[in-house]
Amino acid sequence: MAEVQHTATSTQPIESIWEFVKEIDNWAPMVTGYQEHEKQNENDSTWVLKGDLGSVTRTLKFKVHVTEWAGPERVTFELEGINELMTGKGVFSMSGAGDGDGDGLSEITPPARPGFFARLRDAIVRFFVYKVMGRHESRPPEDRQTSAEPGAVRSELRFSLEISPGGPMGPMINAMVKPALVVAAEDLARDIVARVEAEA
Amino acid sequence: MSSRIPARWDLEVDVVAVGSGLGSITAALAAHDGGKRVVILDKAPRLGGLCAYGGGEVFVPNSRYMAKIGKQDSDEAARRYFAFLSGGFNEPGLTEKLLATYREAVEYTADQAGVRWEAVDGLDDYYYPDAPGSATGRYLAVEPFDGSQLGDWQSKTWASSPHFPPATHKEMYAWGGLANITKWDYELLGQRVAEDQRTFGPGMMGYFVKAAVVDRKIEAHVGTAVRELITDDDGRVVGVRAEKDGKDFFVRGASGVVLGVGGYDHNKKMAMMHEEAHDWNSATQPYFHGDHLVMGAEIGADTASVPTYNLAMFYGYNIPGEEHDGAPIFRSSWECGCPHAIWVNEAGERFTDESFYKDYQPRVRQWNGRTQTQDNVPPFLIFDTNYRERYPLGSFMPGMDIPEELAVKADTPRELAEKLGIDADGFEKTLARFNEGARDGRDPEFDAGHFSWSNRLAGDPSYPNPNVGVVEKPPFYGVKLSPVGVGINSHGLRTNADAQVLHVRGHAIPGLYAVGISAALLDLGNGYQSGTSNMRAITWGYVAGRHLGGR
Ligand SMILES: Cc1cc2nc3c(=O)[nH]c(=O)nc-3n(C[C@H](O)[C@H](O)[C@H](O)COP(=O)(O)OP(=O)(O)OC[C@H]3O[C@@H](n4cnc5c(N)ncnc54)[C@H](O)[C@@H]3O)c2cc1C
């Protein structure tokens, strides 16, 4: 199982973040490697992404089922691979400034801060991911947090994702997808906040 | 002459090593150790070349590593084996030099560059024991390489190959070989990925890149494509024009330039012409365009070729949606070496020992002079549910649905044949005949499973004949295969025994060297087998680097 989490803080109120997040179409194209998605109903959608696995790029098709719309604080969902053996779940948690802890938002335990080596690996794969996605620049160093100016913070968006590749090669695939997921989680949380701020 | 000396060089060194596969990097190391200032330029965004995508097997007869695993060998036996492999299509002077130098070159990489080689116990020569001078234990591979030793270069090397998980040969055999790939120790392999422990080609190139850019601090530029050779008024190659970040980048190599840019797998037109194929795809990264042939032609370099039909042209497929650096990646189909799988042509007939690619390569290309057709193109991979229950197709593990774009599925052989567009009567007869022998682990028609190399590499050791099993359990599956190059091409620049490129008039072009696949395979002749390509890349790189260093 690969778990990642990224928190981005915003100068906008929690309601603005919720307004944006509750409509999948708003942020779907911000998902790293996004190709297309199709909504079957409010809770169910199918997605196609391109993602890096070691030195190759694979096209991943999967189903997303939203298990809880608990606005403005939380959206939880589950994933199931269509063309790859994979399951997963994720949460968008939104909180107002200062009440980020102990709010019961994170159904997924945040992973311990990884050691230096893991961070280095993440940075390597970040390079690969940006290459594949046509973004040749690498981003600032990884800190698993994207912050607005401290005084201006009014809300926080935390995106958590947990993926369990299945099949006999699961443990290896797991190690291969993890660094790309780290980047994906960071991008999504950061980009959502950036868009909400820009539209404010 | 198309070349021009620029008013100003962007970088001035003694030796420009173009490409960062084994050939160029070994030349860079040897030239550096001979006192030369060297730069390495590679078109790809990462160092290591195709060598870092491959199996990393290096064929070195009578090495000290063989002795360590208790295997006997002799130079005389090696000589006889290379003569057998060449089929008489080699150039004796080049073969002599190769045989006289490969051990020294490989030992240099171990002793001076820190490459940790070991002999692969139990991996036989392709034609062992039939061929004169053949032996077992001649293959070398590296011990796992720790990617973190590369420092800043860690992210700018090929850390993994899509063709090989990060296991060692020893582990692969202990875990039952490729056929048993679903039961390998993926906890361990996951750990290797997480810790960037590299094996096979990525591991091998880790050592070479480290020796060059970390230990020797040789300057290297990725994303830098060399476009033109620059000659002086006497026709001497004195530098290159490269392109970096969309701009010209002129690099002077006062002593010379080494071209080790591989072949032309991603120049479809060139590949189809030279390899005499109607279509061409590749397992390589998309950076091989035959630039050596173009740049060489501009200054009168001669080319040479070995017969196309015996080279490493595989057949395989692209898993829908699978790419590398924006180009579809093709996988060669090793599935046909497993039990319960065969190949047939459009007539529904088998035509080869599918488990031994040296047998299928010439047969698949066979030309029918009466009908003006290649009767075995395209081949179709056929397997049954016995196969599907045990072995994967590419990344599709047993139990997973295979997408229809990749494999056709049917309940009966007749229905499968109809769906694939092959002759149903012929196919049914073929299956009946094949299954009759396969029931006893035999293949009277094509003798699949004859070579121990095929048994070990693709076969299932739990079978009496590791490469043969009945194809009879529905549903049945069929995959139409396409030609897949692995970067080992028939045409290259003609070189001499100092690795210098020859002019069409016969003399050596001063300052120009070609190594690896960029140099025509006249040293081997008709004799490619796995490991000889890497071995000759190291050897000619060593020869070029020493020649440039004045030795
Ligand atoms: C799946 C697979 C498995 C293999 N396994 C083995 C094996 O076990 N043993 C073996 O002996 N062989 C194997 N091979 C073949 C082997 O990898 C090649 O023969 C070998 O890579 C040749 O090395 P080279 O020195 O010619 O350079 P390459 O490794 O081909 O590198 C050439 C480099 O030149 C660069 N380049 C190209 N054009 C330019 C330009 N214009 N300017 C700058 N740079 C340029 C490329 O980006 C590349 O990095 C395998 C191949 C494949 C695909």
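What you see is a predicted model; the values in this text were computed from it and never measured. Here the residue index of a chain counts from 1 through its sequence in written order. Ligands are numbered from 1 and chains lettered from A, in the order in which they are written. In keeping with the model being predicted, local features are shown solely for residues with a pLDDT of at least 70 and side-chain atom pairs are shown and tallied solely at 80 or more, while totals for entire chains, interfaces and linings include all residues. The side-chain values count all of the structure's non-hydrogen atoms but skip hydrogen atoms and water molecules.

Moving on: the site of the ligand. All names here are of chain B. By convention in these notes, a residue is near a molecule or strand provided one of its non-hydrogen atoms lies within 4 Å of it. Asp42, Asp291, Ile517, Ser533 and Asn534 are the nearest of the 39 residues found near the ligand. Contact between the ligand and Asp42: an oxygen atom at 2.6 Å from a side-chain N or O atom of the residue. Here an oxygen atom of the ligand sits 3.4 Å away from a polar atom, N or O, in the main chain of Gly56. With the chains in place, 96% of the 1000 Å² that the ligand exposes on its own is no longer accessible. Helix numbers and strand numbers start at the N terminus; a helix is a DSSP run of H or I with at least 4 residues, a strand a run of E with at least 2. If you list the elements that add at least two residues to the shell around the ligand, you get helix H1 (22–33), strand S9 (224–231) and helix H15 (532–548). Any residue that is not Ala, Val, Leu, Ile, Met, Phe, Trp, Tyr, Cys, Pro, Asp, Glu, Lys or Arg is counted as polar, Gly included; the first ten are nonpolar and the last four charged. For the shell around the ligand, a count of residues per class yields 17 nonpolar, 18 polar and four charged. Pairs of N or O atoms are called polar contacts if they sit within 3.5 Å, as long as, within protein, a hydrogen donor faces a hydrogen acceptor (for residues adjacent in sequence, only side-chain-to-side-chain pairs). Residue exposure ignores everything except the shown protein chains as possible cover, and the areas themselves are Shrake-Rupley values with a 1.4 Å probe.

As a further point, take the packing of helix H4 (residues 92–111) of chain B against H15(B). Residue and element names in this part refer to chain B. The convention used is that axes are lines fitted to C-alpha atoms, helices contributing only their stretch in contact, and that angles between N-to-C directions extend from 0 to 180 degrees. The N-to-C vectors of H4 and H15 enclose an angle of 90 degrees; their axes lie 8 Å apart at closest approach. On the basis of the axis angle, H4 is roughly perpendicular to H15. Taken together, the residues of H15 that come into contact with H4 (itself represented by Leu94, Lys97, Leu98, Thr101, Tyr102, Glu104, Ala105, Val106, Tyr108 and Thr109) are Met535, Arg536, Ile538, Thr539, Trp540, Tyr542, Val543 and Arg546. When describing relative orientation, an angle under 35 degrees is termed roughly parallel and one over 145 degrees roughly antiparallel, while 65 to 115 degrees is termed roughly perpendicular and anything else oblique. Contacts are assigned to residue pairs that have any heavy atoms within 4.5 Å of one another.

A few words on the layout of surface pockets. Cavities and pockets are defined on a 1 Å grid built over the protein atoms alone: a cavity is a set of grid points where a 1.4 Å probe fits but cannot escape, while a pocket is an open set with protein on both sides within 12 Å along at least five of seven lines, and lining residues are those with an atom within 4 Å of any such point. Grid points are joined across faces, edges and corners, and a volume is the space filled by probe spheres set on the points. Each pocket or cavity is described by its volume, and for the largest pocket that value is around 430 Å³. Forming the boundary of the largest pocket are 20 residues, of which A:Ile82, A:Asn83, A:Glu84, B:Phe396 and B:Pro403 lie nearest the centre. A per-element tally of the lining of the largest pocket places strand S4 (residues 56–70) of chain A first, with three residues.

In this section: the nonpolar core. Throughout, nonpolar core names a set of buried Ala, Val, Leu, Ile, Met, Phe, Trp, Tyr and Cys residues whose side chains join them through atoms within 4.5 Å. Note on classification: 1.4 Å probe, protein chains only; a residue is buried when its accessible area is under 20% of the maximum for its type, exposed when over 50%, partly exposed between these limits. Counting residues in each nonpolar core, the largest one holds 206 residues, and the members touching the most others are A:Trp27, A:Phe92, A:Ile192, B:Trp117 and B:Phe208. Here this core gets 13 residues from one element, more than from any other, and that element is helix H4 (residues 170–199) of chain A. Lining this core are residues from two domains, each supplying at least three of them: domain 1 (51–207) and domain 2 (318–481) of chain B. Discounting residues that sit within four places of it in the chain, A:Phe92 has contacts with A:Val21, A:Trp27, A:Glu73, A:Arg74, A:Val75, A:Phe77, A:Leu157, A:Arg158, A:Phe159, A:Leu188 and A:Ile192. Either an automatic procedure or a domain database provided the assignment from which the domain bounds are taken.

Attention shifts here to the sheet that holds strand S17 (residues 331–332) of chain B. Residue and element names in this part refer to chain B. Here, strands pair whenever DSSP counts at least two bridges between them. As summarised here, the arrangement of the four strands in space is S12-S22-S14-S17, forming an open sheet in which the pairing is mixed. Pairing within the sheet leaves two strands with one partner each, and these edge strands are strand S12 (281–282) and S17. Relative to S17, strand S14 (residues 313–317) is paired through two bridges, and the arrangement is antiparallel. The residue bridging Gly316 from the neighbouring strand is Ser332, located in S17.

This part takes up the sheet that holds strand S3 (residues 58–59) of chain B. All names here are of chain B. The strand order across the open sheet formed by three strands is S3-S5-S4, and the pairing between neighbours is antiparallel. Whereas interior strands pair on both sides, the edge strands pair on one side only; in this sheet they are S3 and strand S4 (117–119). Taken together, the three bridges between S4 and strand S5 (residues 139–142) define a ladder with antiparallel strand orientation. Across the sheet, residue Trp117 finds its bridge partner in S5, namely Val142.

What follows covers H4(A). Residue and element names in this part refer to chain A. Between its first and last C-alpha, H4 extends 41 Å over 30 residues, near the 44 Å set by a 1.5 Å rise per residue. A residue's bend is the angle separating two fitted axes: one through the seven residues that end there, the other through the seven that start there. Along H4, the helix axis deviates most sharply at Lys178, where the bend reaches about 35 degrees; the proline Pro179 sits within four residues downstream. In terms of residue burial, H4 counts as a mostly covered element, since 22 of its 30 residues are buried. To estimate the expected span of a helix, count its residues, drop one, and scale the result by 1.5 Å.

What follows is about the interface of chain A and chain B. By a widespread convention, an interface's size corresponds to the accessible area lost as its parts come together. Residue-level contacts link 23 residues of chain A with 32 residues of chain B. Two parts lose some accessible area (1.4 Å probe) when they are put together, and adding that loss for both gives the buried area. Broken down residue by residue, the surface that chain A buries against chain B is led by A:Ser55, A:Met169 and A:Met172, which jointly contribute 22%. Salt bridges, as used here, are contacts in which a Lys or Arg side-chain nitrogen is within 4 Å of a carboxyl oxygen on Asp or Glu. Counting across the chain A and chain B interface gives two salt bridges. Inspection of the region where chain A meets chain B yields five residue pairs in polar contact (both at pLDDT 80 or more). Put simply, the parts of the chain that give the side of chain A that touches chain B at least two residues each are S4, helix H3 (116–132) and H4 of chain A. Residues that form the side of chain A that touches chain B fall into these classes: 13 nonpolar, five polar and five charged.

Paired rings are identified among Phe, Tyr and Trp, the last through its six-membered ring, by centres lying within 6.5 Å, and are further divided according to the angle between planes into stacked (under 30 degrees), edge-to-face (over 60) and tilted (the rest). Inspection of every chain in the model, using the stated rule, returns 36 aromatic pairs over all chains. Residues A:Trp18 and A:Trp69 carry aromatic rings whose centres are separated by 6.5 Å and whose planes lie at 70 degrees to one another, so their mutual orientation is edge-to-face. Highlighted residues: A:Trp18 in helix H1 (residues 14–21) and A:Trp69 in strand S4, separated in sequence by 51 residues. The class for A:Trp18 is buried, based on a relative accessible area of 14%. The exposure class of A:Trp69 is partly exposed, given its relative accessible area of 26%. By definition here, charges over rings are those cases where NZ of Lys or CZ of Arg is within 6 Å of the ring centre and within 35 degrees of the ring normal. In this structure, B:Lys156 packs its charged tip against the face of B:Trp153, placed 4.7 Å from the ring centre. The side chain of B:Arg456 reaches across the aromatic face of B:Tyr173, ending 4.1 Å from its centre.

The values reported here are purely geometric and, on their own, carry no functional implication.
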